[in-house]
Amino acid sequence: MRHLGILAHSAEGAALCFRAFCQEGFREMGPDDHPDVTLDLIAMARSMPAWEAGEHDSIRATLAESVRRLAGAGADFFACPDNTAHLALERPGADLPLPGLHIARVVADRAARDGRRRVGVLGTRYTMDGPVYPRELAARGIAAEVPDAAGRDTVHRIIFEELVNGVVTEESRRAYVRVIEDLAARGCDAVALVCTEIPLLVTPGVSPLPTLDSTRLLARAAFDVAAGRAPLPEWRGGPVGSPAHPGSAAD
């Protein structure tokens, strides 16, 4: 068994990933059993000014400190259940102290295995406007779509005003469903929930499109690595290479 380190950036998404990882163990290994897991979280408030200013190198330094602490706790690899954080983790810099799974590669690999051709992308404004998901999906022959400007504003606002604080409302769920309906009308055959709190609001039963739940896909990939069913990843932050780069684990 390998020891997972969860590199947390927002509390709710990290908590959901932690629970999902442990629940994989309960299903696979028996009641109350799972590989060792340690979670480290430096309060996201310390990074928000840098996010607003686009200072990704500063955020990378904060995240790297968490990885150092996870390494000190004995973790063998890390998983970061925060899609937006990967914009900072991909910045050039010294190798992180642990190898890590890349969440966008995990999600894009699953979309490819499912035969998806056009995927809607829901996340923070930084993620929806950023290069990570268009790049990873395009590398697998999949088109990426984001909501229109009003839809992106709605999705981003609800994340930061509600979801990261554990607030889930029916009004916001209906708003997300309308955004997903619009993506379906534009030809999307799935929607990627690539803010790790969104699955708290949008479940498969309410989504007009099949969902790619980045939180649970990452937790499953991390479990496979921890259980020895998939190799340790090699990515240690910085720019990623070709789709064959071992930055994700098979589902």
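Our structure is the block above this text.
So, here is what we can say about the structure in this document.

Criteria and cut-off values
Residues numbered from 1 in each chain as written. Predicted model: local features only at pLDDT ≥ 70, side-chain atom pairs only at ≥ 80, totals over all residues. Heavy atoms only, no water. 1 Å grid on protein atoms, 1.4 Å probe; cavity = no way out; pocket = protein on both sides within 12 Å on 5 of 7 lines; lining within 4 Å. Points joined across faces, edges and corners; volume = space filled by probe spheres on them. Nonpolar A, V, L, I, M, F, W, Y, C, P; charged D, E, K, R; others polar. Salt bridge = Lys/Arg side-chain N within 4 Å of Asp/Glu carboxyl O. Helix = DSSP H or I, 4+ residues; strand = E, 2+ residues; numbered from the N terminus. Buried < 20%, exposed > 50% of the residue type's maximum accessible area, 1.4 Å probe, protein only. Pairing = 2+ DSSP bridges. Right-handed = clockwise from strand over helix to strand, strands pointing away. Axes fitted to C-alpha atoms, helices over the stretch in contact; angles between N-to-C directions. Contact = heavy atoms within 4.5 Å.

Here we look at empty space enclosed by the protein
Unoccupied space between atoms shows up once a probe the size of one water molecule is rolled over them.
Here is step 1 of the chain: Under the counting rule described, the total for this entry stands at 1 cavity of 30 Å³ or more.
Here is step 2 of the chain: Estimated volume of the largest cavity: approximately 130 Å³.
Here is step 3 of the chain: As for the largest cavity, its lining consists of 18 residues, of which Met 44, Asp 82, Thr 84, Thr 124 and Phe 160 are closest to the centre.
Here is step 4 of the chain: Looking at the lining of the largest cavity, its residues break down into 10 nonpolar, 6 polar and 2 charged.

A look at the pattern of salt bridges
Here is step 1 of the chain: Enumeration according to the criterion identifies 22 salt bridges in this entry.
Here is step 2 of the chain: Ionic pairing is found between Arg 118 and Glu 145, a salt bridge with its closest N-O pair at 2.6 Å. Taken together, the residues Arg 118 in strand S5 (residues 118-122) and Glu 145 in strand S6 (residues 143-145) connect sequence positions 27 residues apart.
Here is step 3 of the chain: Assessed through its relative accessible area of 29%, Arg 118 is described here as partly exposed.

Observations concerning unusual backbone geometry
Here is step 1 of the chain: Although it is not a glycine, Asp 32 adopts a positive phi angle of roughly 65°.
Here is step 2 of the chain: Looking at Asp 32, the relative accessible area reads 69%, which means it is exposed.

With respect to the pairing of strand S1 (residues 4-8)
Here is step 1 of the chain: Burial analysis of S1 places 5 of its 5 residues in the buried class, which makes it a mostly covered element.
Here is step 2 of the chain: Residue alternation in S1 divides its side chains into two sets, Leu 4, Ile 6 and Ala 8 and Gly 5 and Leu 7, and both sets are buried.
Here is step 3 of the chain: In this sheet, strand S2 (residues 37-41) lies alongside S1 in parallel orientation, the contact comprising 5 bridges. For Ala 8, the partnering residue across the bridge sits in S2 and is Leu 41.
Here is step 4 of the chain: Note that the unit made of S1, helix H1 (residues 11-29) and S2 has a crossover that is right-handed.
Here is step 5 of the chain: The pairing of S1 with strand S3 (residues 77-79) spans 3 bridges and is classified as parallel.

So, the sheet that holds strand S8 (residues 211-213)
Here is step 1 of the chain: Pairing in this open sheet of 4 strands is parallel, and the strands run S6-S5-S7-S8 from one edge to the other. Looking at strand neighbours, the two that pair on one side only are S6 and S8, the edges of this open sheet. Ignoring strand direction, the axes of neighbouring strands in this sheet form an average angle of 30°.
Here is step 2 of the chain: By the bridge criterion, 3 bridges tie S5 to S6 in an arrangement that is parallel. The residue bridging Gly 120 from the neighbouring strand is Glu 145, located in S6.
Here is step 3 of the chain: Sheet contacts for helix H9 (residues 170-185): S5, S6 and strand S7 (190-193); angle to S5, the most-contacted strand, approximately 155°.

Side note on the sheet that holds S2
Here is step 1 of the chain: The strand order across the open sheet formed by 4 strands is S2-S1-S3-S4, and the pairing between neighbours is parallel. The strands lining the two open edges of the sheet, one partner per strand, are S2 and strand S4 (100-101).
Here is step 2 of the chain: Bridging between S3 and S4 involves 2 bridges; their strand directions are parallel. The residue bridging Ala 79 from the neighbouring strand is Leu 101, located in S4.
Here is step 3 of the chain: This element, helix H3 (residues 56-72), spans S1, S2 and S3 of the sheet and lies at about 150° to S2.

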